[in-house]
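Working through the structure, step by step
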There are 2 protein chains.
Amino acid sequence: MTASVDDALERLRRQDASVPPPGTTLSIAEMAQRAGVTAHTLRYYERIGLLEVARDAGGHRVYDAGDYARVVFLTRLRMTGMPIRDLRRYVALVADGEASVPERLAMLQEHRDAIRIQLMELQLALETDEYKITSYGGACAP
Amino acid sequence: MTASVDDALERLRRQDASVPPPGTTLSIAEMAQRAGVTAHTLRYYERIGLLEVARDAGGHRVYDAGDYARVVFLTRLRMTGMPIRDLRRYVALVADGEASVPERLAMLQEHRDAIRIQLMELQLALETDEYKITSYGGACAP
DNA sequence: CCTTGCCTTCGAGCGCGCTCGAAGGCCTAC
DNA sequence: GTAGGCCTTCGAGCGCGCTCGAAGGCAAGG
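Since the model is a prediction, treat every value here as computed from it, not as a measurement. (Residues numbered from 1 in each chain as written. Chains lettered and ligands numbered in written order. Predicted model: local features only at pLDDT ≥ 70, side-chain atom pairs only at ≥ 80, totals over all residues.)

Quick notes on the overall build of chain A
For chain A, the helix and strand inventory stands at 6 helices and 3 strands. What you see in chain A, going N to C, is helices and strands ordered as α-β-α-α-β-β-α-α-α. Across its three principal directions, the C-alpha atoms of chain A cover 65 × 35 × 25 Å. Taken over 142 residues, chain A has a buried fraction of 30%. Long-range contacts, defined as pairs at least 24 residues apart, comprise 54% of the intrachain contacts of chain A with a sequence gap of at least 6. (Helix = DSSP H or I, 4+ residues; strand = E, 2+ residues; numbered from the N terminus. Buried ≥ 20, exposed ≤ 12 C-beta atoms within 10 Å, placed from the backbone. Contact = placed C-beta atoms within 7 Å.)

What follows is the structure, encoded as structure tokens:
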């Protein structure tokens, strides 16, 4: 069960180490590699409107540094529990232009609060877990 | 999207405030109320082997303080991302008796590590989020 | 007696977030 | 020419964790 969590941390490392310089372009495979998601997921995100990606002459996707930044941002939000529907809302707001800045800010602030609550919950659960480890060796009653 | 997170925190408060004294028995409705889960979920957990619950003369479920402790423990683990299949494994180990204590300990320790990693990820994502809030007002590029 | 209300079992359904497979295009290497 | 490899679109499928609804039991209250 730690697999997905480890994957997430691994992805974070890769994302930080793979920021493409401005002007770089990436194929879907390179993008997937750097962002730590699958090509399938990138196509899916595009299908549902989270991304809008340019094509080359052959119809293949071409990602730029801005796309990379967006994908990283989206994965950060996903990682912290923001559902796809909220990502879509956020992206739609961005597309609406400057007028939507206050609402975007509100979303981010609300999400920040949600993350803080998650942090508290995790701390609490960690204490429960550690208490159990040190005192009972794993019996089901605390 | 904060709904589920808030719910979790609310449940934590209720769980702490609702520890039944030893000897108490609870109906499924009372149990659901105190533990902050639905009766449907309690039946589901029982169906998949996470719980084994006594019945009264009429065939209705009767929960005791030990059941309460187990449900709270299970919800803590779920809350922190342990999948159902691992809970089943853990519960099966408990049923196996003392011999399984080392393996249970290993599971808890592994889970503790997973929680710590989650904490780190959340911290990181929180920083990303706060950076965005303070510096860009919500533009998609960081 | 009959309603009400909470309980039982069982199987089916749902929302989410991917994940995959089929069918085909285009480019390069042999 | 043709095989390999990576890409395209599209729709369908999957695993998870519930969530619900149907059909019925039983006990108390009017």
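Observations concerning the sheet that holds strand β1 (residues 25-26) of chain B
Residue and element names in this part refer to chain B. Within the open sheet, the 3 strands sit side by side as β1-β3-β2. Their pairing is antiparallel. On the outer flanks of this sheet lie β1 and β2 (54-55), each paired with one strand and no other. Relative to strand β3 (residues 61-64), β1 runs antiparallel, the two sharing 2 bridges. Counterpart to Thr25 in the pairing with β3 is Asp64. The strands touched by helix α4 (residues 65-79) within the sheet are β1 and β3, with β3 carrying the most contacts at an inclination of about 80°. (Pairing = 2+ DSSP bridges. Axes fitted to C-alpha atoms, helices over the stretch in contact; angles between N-to-C directions.)

So, the interface of chain B and chain A
Taken residue by residue, the interface counts 48 residues in chain B and 47 residues in chain A. At the level of elements, α1 (2-17), α4, α5 (84-96) and α6 (101-135) of chain B are the ones that each hand at least two residues to the side of chain B that touches chain A. Here the side of chain B that touches chain A gets 24 residues from one element, more than from any other, and that element is α6 of chain B.

Considering the pairing of β3 of chain B
All names here are of chain B. Across the two faces of β3 the burial differs, with Arg61 and Tyr63 buried and Val62 and Asp64 not buried at all. Looking at chain direction, β2 and β3 are connected through 2 bridges and run antiparallel. Within β3, the position partnered with Ala54 by the bridge is Val62. Hairpin remark: β2 followed by β3, antiparallel, with 5 residues in the connecting loop; positive phi at Gly59, about 85°.

A word on the protein's contact with DNA strand D
Close to DNA strand D lie 17 residues; Ala29 and Arg61 of chain A together with Tyr44, Pro83 and Ile84 of chain B are nearest. Going through the elements one at a time, α2 (28-35) and α3 (39-47) of chain A together with α3 (39-47) and α5 of chain B are the ones with two or more residues in the surface near DNA strand D. At 3 residues, the largest contribution of residues to the surface near DNA strand D is made by α3 of chain B. Among the residues making up the surface near DNA strand D, the classes are represented as 6 nonpolar, 7 polar and 4 charged. (Near = placed C-beta within 6 Å. Nonpolar A, V, L, I, M, F, W, Y, C, P; charged D, E, K, R; others polar.)

What about the relation of the copies chain B and chain A?
Between the two copies, chain B and chain A, the superposition gives an RMSD of 0.0 Å; the rotation angle is 180° and the shift along the axis is 0.0 Å. Taken together, the rotation angle and the small translation identify this as a two-fold axis. Ranked by how close their C-alpha atoms come to the rotation axis, the residues of chain B are headed by Leu119 of chain B, at 3.2 Å. Both copies share a contact surface, since 98% of the interface residues of chain B are interface residues in chain A too. (Least-squares fit on C-alpha atoms with pLDDT ≥ 70 in both.)

Observations concerning the sheet that holds strand β3 (residues 61-64) of chain A
Residues and elements named next belong to chain A. Read from one edge of the open sheet, 3 strands run β1-β3-β2, paired in antiparallel fashion. Strand pairing shows two members of the sheet lacking a second neighbour, β1 (25-26) and β2 (54-55), which therefore form its edges. Contacts from helix α4 (residues 65-79) reach β1 and β3, with the element oriented near 80° to β3.

Re the protein's contact with DNA strand C
Residues in contact with DNA strand C amount to 17 residues; listed here are only the nearest, Tyr44, Pro83 and Ile84 of chain A together with Ala29 and Arg61 of chain B. Residue assignment for the surface near DNA strand C shows that the elements contributing at least two residues are α3 and α5 (84-96) of chain A together with α2 (28-35) and α3 of chain B. Considering each element in turn, the surface near DNA strand C owes the most residues, 3 residues, to α3 of chain A. Looking at side-chain class alone, the surface near DNA strand C contains 6 nonpolar, 7 polar and 4 charged residues.

Concerning the environment of Glu10 of chain B
Residue and element names in this part refer to chain B. If you trace the backbone, Glu10 turns up in helix α1. Judged by C-beta crowding, with 11 C-beta atoms within 10 Å, Glu10 ranks as exposed. Residues Glu10 and Gly36, 26 residues apart in the sequence, show an inter-C-alpha distance of 8.0 Å.

Brief notes about the packing of α2 of chain A against α4 of chain A
Relative placement of two packed helices is described by the angle separating their axes and the distance separating the axes. Residues and elements named next belong to chain A. Their axes nearest at 11 Å, the elements α2 and α4 cross at an angle of 40°. Comparing the axis directions of α2 and α4 gives the class oblique. The chirality of how α2 crosses α4 is right-handed. Between α2 and α4, the contacting residues are Met31, Arg34 and Ala35 on the first element and Tyr68, Val71, Val72 and Thr75 on the second. The residue inventory of the contact of α2 with α4, partitioned by class, reads 5 nonpolar, 1 polar and 1 charged. (Parallel < 35°, antiparallel > 145°, perpendicular 65-115°, else oblique. Left-handed = near helix turned anticlockwise from the far one by under 90°.)

Shape is all these values report; function is a separate question.
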